[in-house]
Amino acid sequence: MLSRLGALLQEAVGAREPSIDLLQAFVEHWKGITHYYIESTDENTPAKKTDIPWRLKQMLDILVYEEQQQAAAGEAGPCLEYLLQHKILETLCTLGKAEYPPGMRQQVFQFFSKVLAQVQHPLLHYLSVHRPVQKLLRLGGTASGSVTEKEEVQFTTVLCSKIQQDPELLAYILEGKKIVGRKKACGESTALPKDTTSHRDKDCSHDGAPARPQLDGESSGSQALNSHMPAETEELDGGTTESNLITSLLGLCQSKSRVALKAQENLLLLVSMASPAAATYLVQSSACCPAIVRHLCQLYLSMPVFLDPADIAALEGISWRLPSAPSDEASFPGKEALAAFLGWFDYCDHLITEAHTVVADSLAKAVAEKFFVETLQPQLLHVSEQSILTSTALLTAMLRQLRSPALLREAVAFLLGTDRQPEAPGDNPHALYAHLIGHCDHLSDEISIATLRLFEELLQKPHEGIIRSLVLRNLEGRPYVAWGSPEPESYEDTLDLEEDPYFTDSFLDSNFPPRAKPRLAPATSYDGKTAVTEIVNSFLCLVPEEAKTSAFLEETGYDTYVHDAYGLFQECSSRVASWGWPLTPMPLDPHEPERPFFEGHFLRVLFDRMSRILDQPYSLNLQVTSVLSRLALFPHPHIHEYLLDPYISLAPGCRSLFSVLVRVIGDLMQRIQRVPQFPGKLLLVRKQLTGQAPGEQLDHQTLLQGVVVLEEFCKELAAIAFVKFPPHDPRQNVSPAPEGQV
């Protein structure tokens, strides 16, 4: 009996039709939502306390289940067709805009995101989908801290993910454009971008009848994307030119929560698409690049007019991936605005690094034109010292963060111009470059220090045009070298050594031993032990013994300088390795017409500053010598010859770094005779500078501090010369013999 009963039940089940009509259930849930607005009189009940969220969830589940059931057919099911034909998404978008009941906008954002993410059938090509998507985007991203920002960023995440999978969608999502001239069955000028029968235009069907498939020969997705030209397109909803997805993302980027980071990642995903057509469209037909740069300019202008350069320099390591540093006891006025600006600049730099080449070049040019030239340059050229200080320090901080080659190229052209011909004393260089050179020798020591820091940071960037523009273009052809075999007389005439008190016999009656004239030697290839040893000795022995105090302090030994110089030289060499520099100086061409040598505006101002090292503040001297050391590290034979070879035979009227130092030593030998108890005071000043003695003010304080810097700078140059052309392999023996045995 039990078996008979089981058989009857099985026959009954097999004979029954499915108990659930999916389309009927889908329609019932949608009618339930619309009836709420007809029947409800309570306008204060939050949406989440009504049955609307539940009904939307049921509609989503039905769409997903229906698609799974019809996976083999590959066509849209009846429920999805109903959704498209009856413009349900359009209606939901209107309800979300009205924000009735309260919280309805959040529900709409969530439903859109889930439908687009979970329904695998391509939807964004349909007019009845991408039109409400555009409208919904306009509802968000307008203010920081909106109640729907979490839902908004999730919605944009889905859109960016879909665009990355199919870049042809970019035109439909960014501008919501439709192609003119494509006639559909219903007479509308809208064409679907997919040439497949599964992508049917449900917007034009009537009475539930599906519209025709796209015909052969109509535009494919790629052709549709490329055909979005002004003459062939028109805008939806009043012809707006706003890039709504970009605008929404930029608005969300200003959030104070983690939403900002997600929005920035979405925007990065958008600009890094590999499709050339999509990248071109993003640049030519959207406001992406101008909008990003506009926000950068706004953040710059929102900072205080004056910021302490020390505060700017201390705020290092600002990254767009990390939230702004919270206020603390080390805070200063404008810190939050400064962190926001530097963070967004770092983000722009990262965008340019990761973006498609077309987008990267366009964004870099926009930063150069709108920010560098129109916003920053007036501040750098301002007559106000505070404005110059702040803008120069900010530019230095930006250079420190800059990594993208495209933006670096634009920054170099902005700062130094594009002229690479040898300079002349009376020429008119690039306007900003001329001002920056003048700022290096400004009446304000603070401005000089800030500008020298800018150039030092610039010299550390991986761009050959920097060192070529500042130095190398003036050393080409080696016009600083005297022709023929130099005689001692000609060498002395060149440097006017007879008139230099350092090389006279005026000290024979004093307590200082007479100094020997430097020995003239022919140019060497720096591959012999003797030549390098003599170069090192020349710098180490340049400062007279009575002006040296480092021997009294163990931590300032020469070995330390060699170790530091080796690391810096290795870093510099790896940076310039791909530039194809020669290993030896260019041979002098006797047929080349001789031209007067000019070291260039940059080296001229550095040499002038170096010649006044005994009369300048300690901090300024440190910055001048630091820039010169950076220059000396470059592994170009002309730079090594001109800056580090004491025995070079200079052409008439030329000066080198060593000749400038020789004159400084000559001036020093005269002036220290007028300082009572000079050795003791010099040692005290050195201890003060190293924190080993109280910082009391002494007579001739500036002179004494200048002597300390001079001694250390000569050691540094000797160490650089040693590591560039060592007598032994530096990988086996980094440090040379002790100082007294060199």
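Predicted model only: the values in this text are computed from it and were never measured. (Residues numbered from 1 in each chain as written. Predicted model: local features only at pLDDT ≥ 70, side-chain atom pairs only at ≥ 80, totals over all residues. Heavy atoms only, no water.)

## With respect to the environment of G140
Note the cut-off: Think of it this way: any DSSP run of H or I at least four residues long counts as a helix, any run of E at least two long counts as a strand, and we number them from the N terminus. The classification of residues rests on relative accessible area computed with a 1.4 Å probe and restricted to protein chains. Under 20% of the type maximum is buried, over 50% is exposed, and intermediate values are partly exposed. Contacts are assigned to residue pairs with any non-hydrogen atoms lying within 4.5 Å of each other.
You can see G140 is positioned in the loop between α7 (127-139) and α8 (149-165). On the accessibility criterion, G140 (5% relative accessible area) is buried. A sequence separation of 105 residues divides G140 from L245, and the C-alpha atoms of the two residues are 9.8 Å apart. In this structure, G140 is in contact with F109, E152 and S248, ignoring residues within four places of it in sequence.

## Some words on the packing of helix α13 (residues 276-284) against helix α17 (residues 357-380)
As a reminder, the rule being used: Note on definitions: angles span 0 to 180 degrees between N-to-C directions of axes, and those axes are lines fitted to C-alpha atoms, for helices only across the stretch in contact. Oblique is the label for every angle not falling under 35 degrees (roughly parallel), over 145 degrees (roughly antiparallel), or within 65 to 115 degrees (roughly perpendicular). All residues other than Ala, Val, Leu, Ile, Met, Phe, Trp, Tyr, Cys, Pro, Asp, Glu, Lys and Arg, Gly among them, are scored as polar; the first ten of these are nonpolar and the last four charged.
At a minimum axis distance of 8 Å, the contact between α13 and α17 shows a crossing angle of 20°. As judged from the angle between their axes, α13 and α17 are roughly parallel. Across the interface between the two elements, A279, T280, L282 and V283 of α13 pack against V358, V359 and S362 of α17. Residue composition of the contact of α13 with α17, by class: five nonpolar, two polar and no charged.

## Quick look at the confidence of the model for the protein chain
When pLDDT is low, close inspection of the predicted coordinates is not appropriate. For clarity, the cut-off: One confidence number per residue, pLDDT, is output by the predictor and ranges from 0 to 100.
Of the residues in the protein chain, 76% reach a pLDDT of 70 or more, and the chain-wide mean stands at 80. Segment residues 176-241: pLDDT under 50, and 138 contacts once partners within four positions in sequence are set aside and those in other chains are kept. Counting interchain partners and residues more than four positions distant, the pLDDT-below-50 stretch residues 485-529 has 68 contacts.

## Regarding the layout of surface pockets
Keep this limit in mind: Method remark: on a 1 Å grid restricted to protein atoms, a set of points is classed as a cavity if a 1.4 Å probe fits but cannot get out and as a pocket if it is open with protein on both sides within 12 Å along at least five of seven lines; lining residues have an atom within 4 Å of a point. Grid points are joined across faces, edges and corners, and a volume is the space filled by probe spheres set on the points.
Approximately 370 Å³ is the volume attributed to the second largest pocket. Around the second largest pocket sit 19 residues that line it, and Y561, L622, T625, E712 and E716 are the ones nearest its centre. Elements with a contribution of two residues or more to the lining of the second largest pocket: α25 (558-576), α27 (618-633), α30 (678-689) and α31 (701-724). Broken down by element, the lining of the second largest pocket gets its largest block of residues, seven residues, from α27. Classifying every residue of the lining of the second largest pocket by side-chain character gives nine nonpolar, five polar and five charged.

## As for α30
Keep this limit in mind: The length a helix should cover is 1.5 Å for every residue beyond the first.
Helix length check: α30 (12 residues) gives 16 Å between terminal C-alpha atoms against 16 Å at 1.5 Å per residue, within 8%. Every buried residue belonging to α30 is among F678, K681, L682, L683, V685, R686 and Q688, and all of these are buried. Each element contacted by the buried residues of α30 is listed here: α31. Looking one or two residues past α30, G691 carries a phi angle of roughly 75°, positive in sign.

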